[in-house]
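# A look at the structure
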Amino acid sequence: MVGGKETAAPQQMSIISVQFTLKTATDYTVLLDGETIVEHSQPTLEFNTPILKDHRMHTLDIRGSVQVESLVLDGIDTEYYTHHGFVSDGARGNSDNNNVRYYFQTPVWKWFLEWKQHDNSKYRLISKAHSGFLPL
Amino acid sequence: MTILNTDLYPKLIRDFFLFDHSVSDGTAHKPVTLPFAYDPTELLQEAEQLPYDDRPVNRCYVWGPTAQSDPGCDLLTSTDTDYTAQIDLTPYPKIQSFIDSLNAVGPITYLTFKRMKPRGYIMPHIDSECNPHKIYVPLSWPTGSEFKMFGQGNIDFTDLKPNLINTSDVIHSVVNDSDEHRIIFSFYADWSHPGWKQIAWPDSK
């Protein structure tokens, strides 16, 4: 996090780095909270966000025919969260012909641990086992 | 707040230990007192000689279900009833005696020793498929070793005191930000047994 000093004081705003790698990509556009950040065609991209309000949901859209292989937010590898994007037919995944959207919050470490704790709860694992993949 | 001395740790760990200022409310971990005497130094001497595997955090599986391969933990779905030593404990009489003392309280179902190298770490994770409650007994806990639970503070292992920890509901991470190996062992028990209920939840009826 580079939005403030690393002190015990609560962080209210953050600027974070976003890095992702695509397995397949034609020309694509990256949007953050609906605003275009960049148009690109290379499989790896890294950029810094504008100022983001902490503890609010933000959206990262990768618009194009893409398959997302990795997503690193604020230097934190989000691992299998890449498969929890929203694709254009409303399903969840990391691959789409039109758009893959990810939701996240800052501070990234806190949001990611909360998501991971929820996604790995024994009750959710039971639900997954019985019902297949459940959207959050 | 824990400021790690090295940037070798992944950023998720660095941020977690730096920014999570939570304190325990007693629901995820608490010190427990075992009802028998033991000498951590004697146990440590034997523990250093155990046949560890070569995982990033070395493990030695010592006690578990009879005639099965290592299940990895006391699984939530386990219906086992018979538990035995998984290695020959003859060279380790103090460890054998400790396990005997545990089983005198009530059956224990799984026990492993873990040796973490200097600057070692375990990424934040949750043991969802395991029996939620586990007792950890540190045998060495060098300054710089931390066991942190998300939203529940750090576990107090000062004076090598054992702790009952809920590892299946709460994300946790461990670092050994020191120049020494760190050795700990943990065990699951039949928590419904009166002897273990009295130790783990003495106020429950």
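Reading the values: rules and limits
Residues numbered from 1 in each chain as written. Chains lettered and ligands numbered in written order. Predicted model: local features only at pLDDT ≥ 70, side-chain atom pairs only at ≥ 80, totals over all residues. Heavy atoms only, no water. Helix = DSSP H or I, 4+ residues; strand = E, 2+ residues; numbered from the N terminus. Rg over C-alpha atoms; globule rule 2.2 N^0.38 Å. Contact = heavy atoms within 4.5 Å. Areas by Shrake-Rupley, 256 points an atom, 1.4 Å probe, with all protein chains shown as cover. Lys, Arg positive; Asp, Glu negative; His and termini not counted. Charge placed at Lys NZ, Arg CZ, Asp CG, Glu CD. Buried area = accessible area lost by both parts, 1.4 Å probe. Salt bridge = Lys/Arg side-chain N within 4 Å of Asp/Glu carboxyl O. Polar contact = N/O pair within 3.5 Å; in protein donor to acceptor, adjacent residues only side chain to side chain. Nonpolar A, V, L, I, M, F, W, Y, C, P; charged D, E, K, R; others polar. Pairing = 2+ DSSP bridges. Axes fitted to C-alpha atoms, helices over the stretch in contact; angles between N-to-C directions. Phe/Tyr/Trp six-rings, centres within 6.5 Å; stacked < 30°, edge-to-face > 60°. Buried < 20%, exposed > 50% of the residue type's maximum accessible area, 1.4 Å probe, protein only. Disulfide = S-S within 2.5 Å. Parallel < 35°, antiparallel > 145°, perpendicular 65-115°, else oblique.

For the rest of this paragraph, the subject is the overall build of chain B. Helices and strands together make up the secondary structure of chain B, namely four helices and ten strands. Ordering the α and β elements of chain B from the N terminus gives α-β-α-β-β-α-β-β-β-β-β-β-β-α. A compact globule built from 205 residues would reach a C-alpha radius of gyration of about 17 Å, and chain B, at 17 Å, matches this within 12%. A separation of at least 24 residues holds for 79% of the contacts in chain B among residues at least 6 apart in sequence. Accessible surface, chain B as shown: approximately 9,200 Å² in total, 51% of it carbon and sulfur. Taken as two groups, the 16 positive and 27 negative side-chain charges of chain B have centres that lie 4 Å from each other.

Right, let's talk about the interface of chain B and chain A for a bit. Across the contact, 19 residues belong to chain B and 18 residues belong to chain A. In total, about 1,700 Å² of surface goes out of reach between chain B and chain A, with carbon and sulfur atoms giving 69% of it. When the area that chain B buries against chain A is broken down by residue, the three leading residues are Leu12, Phe19 and Phe150 of chain B, summing to 35%. Summed over the shared surface of chain B and chain A, the result is two salt bridges. For Lys11 of chain B, the salt bridge identified is with Asp74 of chain A, shortest N-O distance 3.1 Å. Our count for the contact surface shared by chain B and chain A stands at four residue pairs in polar contact (both at pLDDT 80 or more). Residues belonging to the side of chain B that touches chain A are distributed by class as follows: eleven nonpolar, three polar and five charged.

Right, let's talk about the sheet that holds strand 9 (residues 172–176) of chain B for a bit. Residues and elements named next belong to chain B. Taken in spatial order, the three strands line up as 5-9-7 in an open sheet, and their pairing is antiparallel. What marks the edges here is a single partner per strand, and that holds for strand 5 (121–125) and strand 7 (145–149). Sheet twist, expressed as the average angle between the axes of neighbouring strands with direction ignored, equals 10°. Strand direction decides the pairing type here: strand 7 and strand 9, joined by five bridges, are antiparallel.

All names here are of chain B. One pass over the structure, following the stated rule, counts 26 aromatic pairs over all chains. Seen in terms of ring centroids, Phe36 and Phe98 are 5.2 Å apart; in terms of plane orientation they differ by 75°. Their pairing is edge-to-face. Residue Phe36 is found in the loop between strand 1 (29–31) and helix 2 (40–47), and its partner Phe98 is found in helix 3 (residues 93–105); the two are separated by 62 residues along the sequence. Each member of the pair, Phe36 as well as Phe98, is classed as buried. Between the aromatic rings of Phe147 and Phe157, the centroid separation amounts to 6.2 Å while the plane-to-plane angle is 65°, which identifies the pairing as edge-to-face.

To continue, consider the pairing of strand 4 (residues 35–40) of chain A. Residues and elements named next belong to chain A. In the sheet, strand 3 (residues 28–32) pairs with strand 4 via five bridges, with the strands oriented antiparallel. Paired with Thr29 across the two strands is Glu39, which belongs to strand 4. Taken together, strand 3 and the strand that follows it, strand 4, pair antiparallel across an intervening segment of two residues, in which Asp33 is found at a positive phi of about 50°.

Attention now goes to the state of the cysteines. Residues and elements named next belong to chain B. All told, the structure shown has one disulfide over all chains when counted by the stated rule. Between Cys73 and Cys130 runs a disulfide, and the two sulfur atoms are separated by 2.3 Å. Handedness of the Cys73-Cys130 disulfide follows from its S-S torsion of about -90°: it is left-handed. Placement of the pair is Cys73 in the loop between strand 2 (57–65) and strand 3 (83–85) and Cys130 in the loop between strand 5 and strand 6 (133–138), with a sequence separation of 57 residues. Of the two residues examined, Cys73 and Cys130, each falls in the buried class. Unpaired in this structure, Cys60 has its nearest cysteine sulfur neighbour in Cys73, at a distance of 17 Å.

Residues and elements named next belong to chain A. When strand 2 (residues 17–25) meets strand 8 (residues 66–73), the two strands line up antiparallel, connected through seven bridges. Within the sheet, the bridge partner assigned to Ala25 lies in strand 8 and is Val66. Note: strand 8 against strand 12 (residues 95–96), two bridges, orientation antiparallel. Across the sheet, residue Val66 finds its bridge partner in strand 12, namely Asp96. With two bridges joining them, strand 8 and strand 9 (residues 76–77) adopt antiparallel strand pairing. Bridge pairing in strand 9 links Leu73 to Ile76.

A word on helix 1 (residues 11–19) of chain B. Every α-helical turn comprises 3.6 residues, leaving residues that sit three or four positions apart pointing alike. With respect to burial, helix 1 of chain B is a largely interior element, eight of its nine residues being buried. Lining the buried residues of helix 1 of chain B we find strand 9 and helix 1 (108–119) of chain A together with strand 5, strand 7 and strand 9 of chain B.

Geometry of a packed helix pair, given as the angle between the helix axes and the separation of the axes. Look at helix 1 of chain A against helix 1 of chain B: their axes get within 9 Å of each other, and the N-to-C directions meet at 100°. When the interaxial angle is binned, helix 1 of chain A and helix 1 of chain B end up roughly perpendicular. In this structure, helix 1 of chain A contributes Trp109, Phe112 and Leu113 of chain A to the contact, and helix 1 of chain B contributes Leu12, Asp15, Phe16 and Phe19 of chain B. Of the residues assigned to the contact of helix 1 of chain A with helix 1 of chain B, the class counts are six nonpolar, no polar and one charged.

Residue and element names in this part refer to chain A. With respect to the helices and strands, Ile37 occurs in strand 4. Given the relative accessible area of 30%, Ile37 is considered partly exposed. Distance from Ile37 to Pro50, taken between C-alpha atoms, is 9.2 Å for residues 13 residues apart in sequence. Setting aside its immediate chain neighbours within four residues, Ile37 contacts Val30, Leu31, Leu32, Phe47 and Pro50.

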